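Residue-level listing of the chains:
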Amino acid sequence: MATVPLGFRLLPGVSNNSTRDTRYKIFILVFTFFVYTSYHCSRKPISIVKNELHKNCTVLGINDTSCDWKPFDHANFKELLGSLDYAYLFAYAIGMFLSGHIAERMNLRYFLTAGMISSGVMTIAFGLGYFWGIHSFAYYIVVQILCGLVQASGWPSVVATVGNWWGKGKRGLIMGVWNCHTSVGNILGSVIAGVFVSTAWGWSFIIPGLIITFMGVLVFFFHVPKPSDVGCSDPDQNGQAAPMTDETHQECHPQYESVPWKKWHRYYSIEDPNVQDSTALVPTGEEKAVSFWKALLVPLN
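Computed from a predicted structure; not experimentally measured.

### Some remarks on the overall build of the chain
Here comes step 1: Broken down by element type, the chain carries 13 helices and 0 strands.
Here comes step 2: For the chain, the α and β elements follow one another from N to C terminus as α-α-α-α-α-α-α-α-α-α-α-α-α.
Here comes step 3: Considering the chain as a whole, with its 301 residues, one finds that 40% of them fall into the buried category.
Here comes step 4: Long-range contacts, defined as pairs at least 24 residues apart, comprise 73% of the intrachain contacts of the chain with a sequence gap of at least 6.
Here comes step 5: Total accessible area on the chain is roughly 16600 Å²; 63% of this is exposed by carbon and sulfur atoms.

### Section: the environment of isoleucine 102
Here comes step 1: When you line up the elements, isoleucine 102 lands in helix α4 (residues 77-103).
Here comes step 2: Among the residues examined, isoleucine 102 registers a relative accessible area of 40% and is labelled partly exposed.
Here comes step 3: Residues isoleucine 102 and serine 153 lie 51 residues apart in sequence; the distance between their C-alpha atoms is 9.3 Å.

### Overview of the nonpolar core
Here comes step 1: Counting residues in hydrophobic clusters, the biggest one holds 28 residues, and the most contacted among them are Val35, Tyr39, Leu112, Met116, Trp165 and Val230.
Here comes step 2: Elements supplying a minimum of two residues to this core: α2 (17-43), α4, α5 (108-131), α7 (154-166), α8 (171-178) and α10 (203-222).
Here comes step 3: The biggest single contributor to this core is α2, with 8 residues.
Here comes step 4: Setting aside residues no more than four positions away along its own chain, tyrosine 39 makes contact with Leu112, Gly115, Met116, Ser119, Val150, Gln151, Ser153, Gly154 and Ile212.
Here comes step 5: Core analysis: the second largest hydrophobic core is formed by 19 residues, Leu53, Phe72, Phe77 and Leu84 among them.

### Brief notes about the packing of helix α3 (residues 45-53) against α10
Here comes step 1: Between α3 and α10, the least distance of the axes is 10 Å, while the angle of their chain directions is 170 degrees. When the axes of α3 and α10 are compared, the pair comes out roughly antiparallel. Handedness of the α3/α10 crossing: left-handed. Counting all contacts with α3, which are made through Pro45, Ile46 and Val49, the residues of α10 involved are Ser204, Phe205 and Pro208.

### Observations concerning α10
Here comes step 1: Look at α10: 28 Å from first C-alpha to last across 20 residues, which is about the 28 Å you get at 1.5 Å a residue.
Here comes step 2: Turning to α10, its buried residues number three or more, namely Ser204, Phe205, Ile206, Pro208, Gly209, Ile212, Met215, Gly216 and Val219.

### Concerning the environment of proline 156
Here comes step 1: Relative to the helices and strands, proline 156 resides in helix α7.
Here comes step 2: For proline 156, a relative accessible area of 17% translates into the label buried.
Here comes step 3: Taking the C-alpha atoms as reference points, proline 156 and serine 99, separated by 57 residues in sequence, lie 7.1 Å from one another.
Here comes step 4: If we ignore the near neighbours within four places in the chain, the residues touching proline 156 are Met96, Ser99 and Gly100.

### Details of the packing of aromatic side chains
Here comes step 1: What the rule picks out here adds up to 22 aromatic pairs.
Here comes step 2: The interplanar angle of 55 degrees and the centroid separation of 6.5 Å between the aromatic rings of phenylalanine 31 and phenylalanine 222 together place this pair among those described as tilted. Of this pair, phenylalanine 31 sits in helix α2 while phenylalanine 222 sits in helix α10, placing them 191 residues apart in sequence.
Here comes step 3: Judged by relative accessible area, phenylalanine 222 falls into the partly exposed class, the value being 21%.
Here comes step 4: Between the aromatic rings of tyrosine 88 and tyrosine 92, the centroid separation amounts to 5.9 Å while the plane-to-plane angle is 15 degrees, which identifies the pairing as stacked. One end of the pair is tyrosine 88 and the other is tyrosine 92, both in helix α4 and 4 residues apart, which spans about a single turn.
Here comes step 5: Following the ring pairs from residue to residue traces out a cluster consisting of Trp69, Phe72, Phe126, Tyr130, Phe131, Phe137, Tyr139, Tyr140, Trp201, Trp203 and Phe205.

### Some thoughts on the packing of α7 against α8
Here comes step 1: Where α7 contacts α8, the axes come no closer than 11 Å and their chain directions differ by 140 degrees. Comparing the axis directions of α7 and α8 gives the class oblique. Two packed elements cross with a definite hand, and for α7 against α8 that hand is right-handed. Here Trp155, Val158, Val159, Val162, Gly163 and Trp166 of α7 come into contact with α8, specifically with Arg171, Ile174, Met175 and Trp178.
Here comes step 2: Of the residues assigned to the contact of α7 with α8, the class counts are 8 nonpolar, 1 polar and 1 charged.

### Let's talk about the confidence of the model for the chain
Here comes step 1: When pLDDT is averaged along the chain, the result is 80, and 71% of the positions lie at 70 or above.
Here comes step 2: Predicted confidence for residues 239-244 stays below pLDDT 50, and this span has 6 contacts to residues more than four positions away or in other chains.
Here comes step 3: Low pLDDT, under 50, characterises residues 264-284; the predicted model gives this stretch 27 contacts beyond four residues in sequence or across chains.

Scoring rules and cut-offs
Per-chain numbering applies: the sequence of each chain, read as written, is numbered from 1 onward. Predicted model: local features are reported for residues with pLDDT of at least 70 only, side-chain atom pairs are reported and counted for 80 or more only, and whole-chain, interface and lining totals are derived from all residues. For side-chain calculations, the full set of non-hydrogen atoms in the structure is used, while hydrogens and water are omitted. Each helix corresponds to a stretch of at least 4 residues labelled H or I by DSSP, and each strand to a stretch of at least 2 residues labelled E; elements are numbered beginning at the N terminus. Working definition: with a 1.4 Å probe on protein chains only, accessible area under 20% of the residue-type maximum means buried, over 50% means exposed, and in between means partly exposed. Should any heavy atoms of two residues lie within 4.5 Å, those residues are counted as being in contact. Per-residue accessibility takes into account occlusion by the displayed protein chains alone, with areas from the Shrake-Rupley method and a 1.4 Å probe. In these notes, a set of buried Ala, Val, Leu, Ile, Met, Phe, Trp, Tyr and Cys residues joined through side-chain atoms within 4.5 Å is what counts as a nonpolar core. Angles shown run from 0 to 180 degrees and are taken between the N-to-C directions of axes, each axis being a line fitted to C-alpha atoms and, for helices, limited to the stretch in contact. When describing relative orientation, an angle under 35 degrees is termed roughly parallel and one over 145 degrees roughly antiparallel, while 65 to 115 degrees is termed roughly perpendicular and anything else oblique. In this scheme, a crossing is called left-handed if the near helix is turned counterclockwise away from the far one by less than a right angle; it is called right-handed if the turn is clockwise. Expected span of a helix: the number of residues minus one, times 1.5 Å. When two rings of Phe, Tyr or Trp (its six-membered ring) have centres within 6.5 Å they constitute a pair, described as stacked for plane angles under 30 degrees, edge-to-face for angles over 60, and tilted for the intermediate range. Three classes are used, and their members are as follows: Ala, Val, Leu, Ile, Met, Phe, Trp, Tyr, Cys and Pro are nonpolar, Asp, Glu, Lys and Arg are charged, and the others, Gly among them, are polar. Per-residue confidence from the prediction method is given by pLDDT, with values spanning 0 to 100.

Quick look at the structure:
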């Protein structure tokens, strides 16, 4: 069992196990909702601030480009602004490809915390370009690339957590309600960016960056990836009958009573006619995550 986060220990507990499981499941669902809301909130400012980086100066009675933010004051400003999107999306795609591979090999709480705080730092770094008077296009490209890589830590982590806590039984309903965090985050990010874009657009990035950083700290203290980490019951992962326990396993197969059900089921099928004694049922090692290259070959098998 993983170490219980300090903040999670402060949550009120109840004596009834079923009530306790339900309360914790609801907490994780709401908590991950706001976690991924903060991700989308920190992604939205760039789409709002673009118009400020290259203004229509004639509206202000100016015929030159002095109201634009260098280096986006040249005739190729559309290519430069588009490159910011390309850099982020390309890095995000690579990050998504790698983050799931990394996340299943380490504690999701640590992985998500690191990803959120790093995302906050990169978002803030873009906004600091305004206050530090940075006009280097390379600076903004590098920040976008790094931001795309670390932002990819969010989706695999929160989806895995919700799946671990809720199982497959009600996944359609739960995911449908929970997935509106995308719209909520985009709206919140647009509102925050819109407040500051005309006065000091740097704050349009810094405020969302601080929000996701703060949420990253909360993840470290409150996030629990699996119910078993806090002594809660695992959900139904088959959408059918409840999983077999050690007691029901021993009743159905008394010849294997010395082997716990979970270890037995992990390595052998109930219908395997070749298993003759329980000594052969003891696993020789712990389960290991599938390698990156083996995962690529799955569709070919």
